[in-house]
Amino acid sequence: MDLVRLARLFSSPCPMGLSVLQHLNPLGARWAGGREWLAMWQTWPVSAFSNFSCHLPLGQGNQKNVSSLPSDPSQPSSTAPQEEEEEESFGTLSNKYSSRRLFHKSTAQLYNLRLQEQSAEEDEEGELEPKSWRGRKNTPYWYFFQCKRLIKEGKLAEALELFERQMLKEERLQPLECNYTVLIGGCGRAGYLKKAFRLYNDMKKRDLEPSDATYTALFNVCAESPWKDSALQSALKLQQQLRAKNFQLNLKTYHALLKVAARCADLRMCLDVFKEIVYKGHMVTEETFNFLLMGCIQDKKTGFRHALQVWRQMLSLGLKPNRHGYNLLLGAARDCGLGDPEVASRLLLRSREETVPIQPLEDKQRAGRRDRPRAGDGVTARLRVEALERQLFMELSPALEAPLEPLKATVPGKAQPEVETKAEPSHGAALTLGPLKPPPLELEVNLLALGAVSPAVVSLGTVTTPADRLVLMGGLEGFLGKMAEHGLQPDIKTLTLLAEVVEPGSPAESSLLTVLDRHQVEADVTFFNTLMRKKSKLGDLDGAKALLPVLAKRGLIPNLQTFCNLAIGCHRHADGLQLLADMKKSQMTPNTYIYSTLINAAVKKLDYTYLIDILKDMKRSRVPVNEVVIRQLEFAVEYPPTFDRYQGKNTYLEKIDGFRAYYKQWLKAMPAEETPHPWQVFRTKPKGDQDTTRDTGADRGLGGR
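Only a predicted model underlies this, so the values are computations on that prediction, with no experimental measurement involved.

Colleague: Looking at this structure, I do not really get the packing of helix α34 (residues 592-605) against helix α35 (residues 608-620). What am I missing?
Modeller: Each pair of packed helices can be described by the angle between their axes along with the distance between the axes. Where α34 contacts α35, the two axes come as close as 9 Å, and the packing angle between them is 165°. It follows from the interaxial angle that α34 and α35 lie roughly antiparallel. In the packing of α34 onto α35, the handedness of the crossing is left-handed. Note on element contacts: α35 touches α34 through Y610, L611, I614, L615, D617 and M618, opposite Y595, L598, I599, A602 and V603.

Okay, here's the thing in structure tokens:
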């Protein structure tokens, strides 16, 4: 009956029908088709349109009235009262808009501004979602080699940017397992734990199967992370996941896990991983024992004794140590103690047959053939590992718990030919001589050898300094002699560690330069800085400065660390100011560490005049202050607990009030130094001139903190 309504509208004298036609435009498809509908309009009586009024308001009233028309024209209309009410409300609809004072206008300027805002939003979205790549199409292997090259050059941030932006977002390539593994390996060398595990999680979401190299890199990033606690938790969680999947680790991956235990945990966890390596049937190498030596260094109290025991166990298996193992021994001698001398004497001065489980005939024959042993040979290997664990943690057998007797009766008649060297006479107090025969003038002892110790040595005395521990390894010449037996030559790192552990001012320290030339090792600045630091700690500032011409003769240039080592010996006011003046003449700006060293020397002397001059020079150089300097100065401004200015005159503290006043004003004018984040260098900026930085990692996954 739509045509009936149209006929009524168009028969009205008012032109409203045209406007209503616009609302009924979809009906045009039904009445504009043929002439028969026009003929039907003429048959309808005119009285059917009498109920329609042209005075109805526009808008909703038209639609309501049109919808309220009777479907049958012969029946009277039932909407007359509603039409009268709508006629009374005509003209009142504008009241709701009469209170408005502001209206939105659409001008050309506003339209341009709106377009500019839209274009700015599109540019921001374009940075997050770059346009499609229009350059040369590359392959995932091409990106693998490019990322590998950048990582070798030390450009980890650029490699991550190349992978995440160009490969994934612009070219939209499907990455391979090698693409993720090379980046995780780069993060592992840098200790970027959070990013490495984010890449690992993304790799699993893409349904890529990680390889042995991937898991090795993940364990390595845990070992290199600056936050040891969270790194250890991530490594243990990853290890549990691999055990749940029954994934068999290879020896390289076990070495990475052993490295995590050595750096983030303790020696007990190292031995647990070591036992798992043996029980799985893997071949134990000298690299495996090197990681055990790293775990021994974590124990600062008894780490040196543990290192000697691990070293002897390695030699008993017929393994040939490398240079890195010798360097780790020197590190243990420098940083760790021997522990209880009585326990150390029982474990280290016994013969090999009493401390090491006797090998079966097969193992001895194999060791004689110079073949590399396989530690996973069933029960024998397990017993050897368990015996090593008992000895390391002082679970001594009854034979070892017995009181020590003179070793003359227990030493075999024919000892193994070992190159024993003479210890320095100045450290003879570290050894106790037996009363069986007159003590020799010079003892021959080297605990690095598997042979029996000299019968004159009954027990170990007090071993407190690194030089004493070096004597137990044969001294300088004895240590180098053991390296020569294994066909090894010292490198600059070995000689630098020897410079740290030799007796200061001894002939051995003076002969280090001769040893360096004899082995044709090229010296570096770090080697001379070590010698300068030892002399400066002894207060021999002139002796430390005497090494500067030697350093220049070898074509080496002093660095900031060199002047920092010289600052340790600047206990006098004139020496400290002269050092700062010499640095400025050399066009070198002192850093916070040099000023901190000078402040430490001035505070120890309670020389507040010296301290004020240092702070003035630091203010002129505009060197920022860090937390260490603030802690030193806060200690300097405090009065001693027993200080009483009314009891007597203290010449050292009479100027403390003036320093307190100057320090308060100095602190307000000095800039502060913020400790940089360890991963700051790997964070990249988004494209565009923006000052804010974004982290390429995410706080999720196993490595999230």
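Let's pick the thread back up.
Colleague: Help me understand the environment of I614, please; the structure alone is not making it clear to me.
Modeller: Mapped onto the secondary structure, I614 falls in helix α35. Since its relative accessible area comes to 0%, I614 is described here as buried. Separated by 16 residues in sequence, I614 and L598 place their C-alpha atoms 7.5 Å apart.

Colleague: Can you walk me through helix α13 (residues 228-244) in this structure?
Modeller: Given 3.6 residues to a turn, an α-helix orients residues that are three or four positions apart in the same direction. Relative to the 24 Å expected for 17 residues at 1.5 Å per residue, α13 spans 24 Å between its end C-alpha atoms, a close match to the ideal helical length. Buried positions along α13 lie against α11 (193-205), α12 (212-224), α14 (251-264) and α15 (267-279). N246 sits one or two positions beyond α13 and adopts a positive phi of about 60°.

Colleague: Is there a simple way to think about the pattern of salt bridges in this case?
Modeller: Side chains that carry opposite charge are capable of pairing whenever their charged atoms lie near each other. By the definition in use, this model includes 22 salt bridges. Two residues, R518 and E477, come together in a salt bridge whose shortest N-O distance is 3.7 Å. Linking R518 in helix α28 (residues 512-518) with E477 in helix α25 (residues 475-485), this pair joins segments that are 41 residues apart in sequence. Overall, the relative accessible area of 48% leaves R518 in the partly exposed class. In this structure, the salt-bridge partner of E627 is R631, at a minimum N-O distance of 3.5 Å. With E627 and R631 both in helix α36 (residues 627-636) and four residues apart, this pair spans about one turn of that helix. Since its relative accessible area comes to 58%, E627 is described here as exposed.

Reading the values: the criteria
- Residues numbered from 1 in each chain as written.
- Predicted model: local features only at pLDDT ≥ 70, side-chain atom pairs only at ≥ 80, totals over all residues.
- Heavy atoms only, no water.
- Axes fitted to C-alpha atoms, helices over the stretch in contact; angles between N-to-C directions.
- Helix = DSSP H or I, 4+ residues; strand = E, 2+ residues; numbered from the N terminus.
- Parallel < 35°, antiparallel > 145°, perpendicular 65-115°, else oblique.
- Left-handed = near helix turned anticlockwise from the far one by under 90°.
- Contact = heavy atoms within 4.5 Å.
- Buried < 20%, exposed > 50% of the residue type's maximum accessible area, 1.4 Å probe, protein only.
- Expected span 1.5 Å × (residues − 1).
- Salt bridge = Lys/Arg side-chain N within 4 Å of Asp/Glu carboxyl O.

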